[in-house]
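As a plain string of letters, each chain reads:
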Amino acid sequence: MLMMEAEGFISHGMELQAVESKLTVTGVRAAVDSGVSRVKLQNEEGSRLPHLLHFVEAEVSSSPEKKAVLGNKMTVGASGEFVCCVTPSPTKGSSQINKMFGTVVVGVGIAGLARIRDLMNPMPSSPSEHLKLFGFVSRRSFGNINEAKQISLEDALRSKEIHAAFISTENRSHEETIRMFLEAGKHVLVEYPMALSAKAAHELWEMAEQKDKVLHVEHIELLTEEYKQLKKEVSGKDLVKGTLHFTGSVLDESKTGFPAFSGIARLTWLIDLFGDLTVTSATREKQKDKSYSRMTVHFQTANKKPLTWIEERGPGMRREKKINFCFTSGCLENFPQAPRSAVGLFMQDQNLFAKKLLGQVSKEELAAEKWRILRCLDLAEVIQQHCEQPEKIYS
């Protein structure tokens, strides 16, 4: 068995298996996709070097972006492992290859703490190595967190050493915080949703483009292995009808916003899986005395096929997603099994942001992402409008 590891970290659960003299793996490709530029292969079965070299070269060339090339010949390390270098091919942003970007994390909840951790411990040989954490901003007084120092918002906005802000605050403050950092000439990474109104989102995106700054909206739900496997399963099939049902604990809507915005990750799944959608109806049931809420949205695809999204929250409700997607070839009621990811979701997202800063993401990819994010926010607002319409009373 050949165990793959990237320089500096072990990709748990990724194994290269010999099957009828052919090696098959997702590990090398996953490492390339995640921005890893040095791949180490430990030989435990004495596989022939030319065979392995050819295999790695094939895996690299078949990566989705097709922007990686095999740099050095594979060599044998001191402990008997095979080592090969995978380096990005020249891109438009290659002039920035040695550039460092100073960063600040704004907000230190669960996501903010994860951002601090990943910025202080970037994946070796990944785009994240071009990010340097200068500190964090919080309303609360912490002093230092894991050697990261607390700085004021004013200092973060003024500092010429800080080029980008990671915004991990409550949803309701995203819009104002994004606007402040863009006006200060900083790039921005923000947790979803970027704003609680479609109009604000469009304005912020336009501001970022006018100032030639990267505005990156985190959507780690698209980076999970569970979702990647689901997308493969759905790809190429003709939808007949489908339902996505989410349950979770109670949220404070004064901080998180209307459920169509706070739950926009589910809407993003549906748009990414089935293309553009039209809202045909949306209703919401609320039981304030029980802190219970259920939003039901009916969509139609471009091919006039029905889709339903249910967002349900209440005390003690388990965080869970259920699917029922029916195609002409049959129904999918359970998520396909997915391998454990070697790279954390926030680290994957951080690598993508760094690639944008370095100019290593194509215009086509950026345009598609912009359309998806803004379209989902447009739909979220339409859903809210439907749900908040007063009931018609007939005499």
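Just so it is clear, the model here is predicted, and its values are computed rather than measured. (Residues numbered from 1 in each chain as written. Predicted model: local features only at pLDDT ≥ 70, side-chain atom pairs only at ≥ 80, totals over all residues. Heavy atoms only, no water.)

Student: Just checking my understanding: could you explain the state of the cysteines for this structure?
Tutor: What we call a disulfide is simply a covalent bond connecting the sulfur atoms of a pair of cysteines. If you walk through the whole model with that rule in mind, you get one disulfide. Here Cys-326 pairs with Cys-331 through a disulfide, and the sulfurs are 2.2 Å apart. The S-S bond linking Cys-326 to Cys-331 shows a torsion near 105°; that makes this disulfide right-handed. A relative accessible area of 9% places Cys-326 in the buried class. (Disulfide = S-S within 2.5 Å. Buried < 20%, exposed > 50% of the residue type's maximum accessible area, 1.4 Å probe, protein only.)

Student: Sorry if this is basic, but what is going on with the pairing of strand 19 (residues 320–327) here?
Tutor: A regular strand carries its side chains on alternate faces of the sheet. The pairing of strand 15 (residues 239–248) with strand 19 spans eight bridges and is antiparallel. When the sheet's bridge partners are listed, Leu-239 is paired in strand 19 with Phe-327. Here strand 19 folds back onto strand 20 (residues 330–332), and the loop between the two strands holds two residues. (Pairing = 2+ DSSP bridges. Helix = DSSP H or I, 4+ residues; strand = E, 2+ residues; numbered from the N terminus.)

Student: Could you clarify how one ought to interpret empty space enclosed by the protein in this entry?
Tutor: To find the voids left in a structure, one rolls a probe of water-molecule size over its atoms. Here the structure, examined in full by the defined rule, presents one cavity of 30 Å³ or more. Around the largest cavity sit Pro-193, Met-194, Val-217, His-219, Ile-264, Thr-268, Arg-372, Ile-373, Cys-376 and Leu-377, which together line it. For the lining of the largest cavity, the element with the highest residue contribution is helix 12 (residues 363–387), accounting for four residues. Split by residue class, the lining of the largest cavity holds seven nonpolar, two polar and one charged. (1 Å grid on protein atoms, 1.4 Å probe; cavity = no way out; pocket = protein on both sides within 12 Å on 5 of 7 lines; lining within 4 Å. Points joined across faces, edges and corners; volume = space filled by probe spheres on them. Nonpolar A, V, L, I, M, F, W, Y, C, P; charged D, E, K, R; others polar.)

Student: What is the right way to look at helix 10 (residues 264–274) in this model?
Tutor: Residues three or four positions apart in an α-helix share a direction because the helix packs 3.6 residues into each turn. Among the 11 residues that make up helix 10, 10 are buried, leaving the element largely enclosed by the rest of the structure. Buried within helix 10 we find Ile-264, Ala-265, Arg-266, Leu-267, Thr-268, Trp-269, Leu-270, Ile-271, Leu-273 and Phe-274. Downstream of helix 10 by one or two residues, Gly-275 has phi in the positive range, about 85°.

Student: What's the story with the layout of surface pockets in this structure? I'm lost.
Tutor: Taken as a whole, the second largest pocket spans an internal volume of roughly 1300 Å³. Forming the walls of the second largest pocket are 42 residues, and the residues nearest its centre are Ala-111, Ser-168, Thr-169, Asn-171 and Glu-191. Elements that contribute at least two residues to the lining of the second largest pocket include exactly helix 3 (110–120), helix 5 (174–183), helix 8 (253–256), helix 10 and helix 11 (345–357). Partitioned by chemical class, the residues of the lining of the second largest pocket number 15 nonpolar, 14 polar and 13 charged.

Student: So what exactly am I meant to see when it comes to the sheet that holds strand 8 (residues 101–106) here?
Tutor: The strand order 9-8-12-13-14 describes an open sheet built from five strands, whose pairing is parallel. The sheet is open, and its two borders are formed by strand 9 (131–137) and strand 14 (215–218), each paired with just one other strand. When strand polarity is set aside, the average angle formed by the axes of neighbouring strands in this sheet is 20°. Packed on one face of the sheet, helix 5 meets strand 8, strand 12 (164–167), strand 13 (187–191) and strand 14 and runs near 170° to strand 13. (Axes fitted to C-alpha atoms, helices over the stretch in contact; angles between N-to-C directions. Contact = heavy atoms within 4.5 Å.)

Student: What exactly am I supposed to notice about helix 6 (residues 198–210) here?
Tutor: Compared with the 18 Å implied by 1.5 Å per residue over 13 residues, the 18 Å span of helix 6 between its first and last C-alpha is a close match. Of the surrounding elements, those touching the buried residues of helix 6 are helix 5, strand 14 and helix 12. Immediately beyond the C-terminal end of helix 6, within one or two residues, lies Asp-212, with a positive phi of roughly 55°. (Expected span 1.5 Å × (residues − 1).)

Student: Can you walk me through the pattern of salt bridges in this structure?
Tutor: Where charged atoms of side chains with opposite charge meet at close range, the side chains can pair. Enumeration over the complete set of coordinates arrives at 19 salt bridges. Glu-191 is paired through a salt bridge with Arg-115; the nearest N and O atoms lie 3.0 Å apart. Of the two residues, Glu-191 is situated in strand 13 and Arg-115 in helix 3; the sequence distance between them amounts to 76 residues. The exposure class assigned to Arg-115 is buried, which follows from its relative accessible area of 0%. With a shortest N-O distance of 3.5 Å, Lys-237 and Glu-233 are connected by a salt bridge. (Salt bridge = Lys/Arg side-chain N within 4 Å of Asp/Glu carboxyl O.)

Student: Mind showing me how you'd approach the packing of helix 3 against helix 11 here?
Tutor: To characterise two packed helices, one gives the angle between the axes of the helices and the distance between these axes. It is the contact of helix 3 with helix 11, at a shortest axis distance of 10 Å, that shows an interaxial angle of 65°. With respect to their mutual orientation, helix 3 and helix 11 come out roughly perpendicular. Judged by the twist between their axes, the crossing of helix 3 over helix 11 is right-handed. Facing helix 3, whose interface residues are Ala-111, Ala-114, Arg-115, Asp-118 and Leu-119, helix 11 presents Phe-346, Met-347, Asp-349 and Gln-350. (Parallel < 35°, antiparallel > 145°, perpendicular 65-115°, else oblique. Left-handed = near helix turned anticlockwise from the far one by under 90°.)

Student: Got a minute to help me understand the packing of helix 6 against helix 12 in this structure?
Tutor: Two numbers describe how helix 6 lies on helix 12: the axes approach to 8 Å, and their chain directions differ by 155°. Comparing the axis directions of helix 6 and helix 12 gives the class roughly antiparallel. Contact residues: Ala-198, Lys-199, Ala-201, His-202, Trp-205 and Glu-209 in helix 6; Lys-370, Ile-373, Leu-374, Leu-377, Asp-378 and Glu-381 in helix 12. Residues that form the contact of helix 6 with helix 12 fall into these classes: six nonpolar, one polar and five charged.

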